[in-house]
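# Structural features, examined
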Amino acid sequence: NTLNIRMGNFTSTTGKFSDPPPPGSANDASAERSQSSSAASTSGRDECPVLTSSSMQSKGPVYDVYGQNINDPNRKSSNPVLEALKGTNVLDPRNNMPLEPNQLPCPGQRKQLPTERAVSSIPKGGVNGTWTFPSPQMVYNALKRKGKGDDVTEDDMEGFVAAHNSMNELTWRYVTLFEKLHAEECNCPSLLKFQGRPHDLSPLAWLRQQLGGGAPFDRHDWVVDRCGKEVRYVIDFYFHEDRAGTNEAFEIIARPALDSFEAALDRTKMAIYSRFAEWGLPCPITGKPGSIGQEARSASST
C-alpha cells in the first residue's frame, strides 16, 4: 500500500549520502508552470491552467520554508531581533537554519561552489510558480553546519545536489500518482508546505527496523494542496550501503498519511493497481489496462 522508488548512486568519492535538504523556497512568480520540466508533464501538469500576473493573488494560503502562512492577515509581524540579525550566521530558532540562505564559502573551503539555484518542476501551492532547490554552496554549508560534511568534499557537491534534486522530483512524481486517483476532483495538485522529520520514525519505518531492516536516513512530511483540500504525505528516504553504485542504492517510500479513511483507501487502490499492472493483468475494477498502475510500476523501476 505504498510506492517505492529506487535510484542509482550519485557520483561521489565517498559513495555516501547525508540528509538532503527539502525544496528550498518558491521561485519568482514569473516562472510559469509551462516552464516546468518534462517530469511535471508526465505527472499531469500539462492540464493545469497557467495563471496570469493579474491573478497571482491566491485565495488559499501560501507557506514559506518555515511552514508559516505568509499571507495570513493575522500573522504577527517579524521579530525585530531576528530581523536585526539577518545577514549573520545566526540560526533561526524556528527551524535551526540560518536566518538567510548562506551563499558564502564556509571556513576552510578550498574551492568555489556555484550559488545558482535550480528551479524544480514541483508546483508551489498558492502561487503561480514552483519550488526552488538550494544551491551547491547552500547544501555544502548546511552539511558542515550539521556536522555531516566530514566525508563530503567540494568535488562531491555536483553529484550530491543532482541526487538531492532528483529524489525530490521523483518523490513528487509518486505523490502525483496518488493524486491522479482524485483527478476528477482536482487535476492541479501542488506542494503547499513540507517538514523534515529525520528523528521521527514513521510506523512503516519502525516496523521495517523491527524486522531487521535499516532505518531511513531522512523523513519528510509533505502537505499537498488538492484544490483547497490539504492532504499530508509521509516520505521515507533510505540509502542501502550494500547496493551503492547500483540502481537500488536509494529507496524512497511515499504514501498518503493515514489521517483519514480516504487515505487508507487510496493506499489500497494503489497497491491493487500496481500489483495487477506488474502481473500484466487489467484493472480488476474497470477491466481495462490501468494507466495509474502502469505508471506506478514504471516509476518503481526508475
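Thresholds, definitions, all that
Residues numbered from 1 in each chain as written. Predicted model: local features only at pLDDT ≥ 70, side-chain atom pairs only at ≥ 80, totals over all residues. Heavy atoms only, no water. Phe/Tyr/Trp six-rings, centres within 6.5 Å; stacked < 30°, edge-to-face > 60°. Helix = DSSP H or I, 4+ residues; strand = E, 2+ residues; numbered from the N terminus. Buried < 20%, exposed > 50% of the residue type's maximum accessible area, 1.4 Å probe, protein only. Contact = heavy atoms within 4.5 Å. Salt bridge = Lys/Arg side-chain N within 4 Å of Asp/Glu carboxyl O.

Moving on, we come to the packing of aromatic side chains. Evaluation of the coordinates by the stated rule reveals 6 aromatic pairs. Between the aromatic rings of Trp-131 and Phe-194, the centroid separation amounts to 5.1 Å while the plane-to-plane angle is 65 degrees, which identifies the pairing as edge-to-face. In this pair, Trp-131 is assigned in strand β6 (residues 130-132) and Phe-194 in strand β7 (residues 190-196), connecting sequence segments 63 residues apart. Trp-131 sits in the buried class, given a relative accessible area of 0%. Considering the side-chain rings of Phe-217 and Phe-250, the 6.5 Å spacing of their centres and the 75 degrees angle between planes classify their relative orientation as edge-to-face. A residue pair is termed long-range when its members are at least 10 positions apart, and Phe-217 in the loop between α5 (203-210) and β8 (218-226) and Phe-250 in strand β10 (residues 250-256) qualify at 33 residues. We note that Phe-217, like Phe-250, is buried. Chaining the aromatic ring pairs together yields one cluster made of Phe-217, Phe-237, Phe-239 and Phe-250.

Right, let's talk about the environment of Lys-144 for a bit. Residue position: Lys-144 is located in helix α3 (residues 136-145). With relative accessibility at 34%, the residue Lys-144 sits in the partly exposed group. Along the chain, Lys-144 and Cys-106 lie 38 residues apart, while their C-alpha atoms are 8.1 Å from each other. Apart from the residues within four sequence positions on either side, Lys-144 is in contact with Cys-106, Gly-149, Asp-150 and Val-152.

Turning our eyes to something else, we now look at the pattern of salt bridges. All chains considered together, the criterion is met by 13 salt bridges. Notably, a salt bridge pairs Asp-155 with Lys-111, separated by 2.7 Å at the nearest N-O pair. Here Lys-111 lies in the loop between β4 (97-98) and β5 (119-123) and Asp-155 lies in the loop between α3 and α4 (157-179), a separation of 44 residues in the sequence. Residue classification places Lys-111 among the partly exposed positions, given a relative accessible area of 43%. One salt-bridge network, in which partners are shared between bridges, spans Arg-197, Asp-200, Arg-219, Asp-221, Arg-232 and Asp-259.

Across the 10 residues that make up α3, a large majority, 8, are buried. Within the span of α3, buried status applies to Pro-136, Gln-137, Met-138, Val-139, Tyr-140, Asn-141, Ala-142 and Leu-143. Of the residues one or two after α3, Gly-147 is the one with positive phi, at around 75 degrees.

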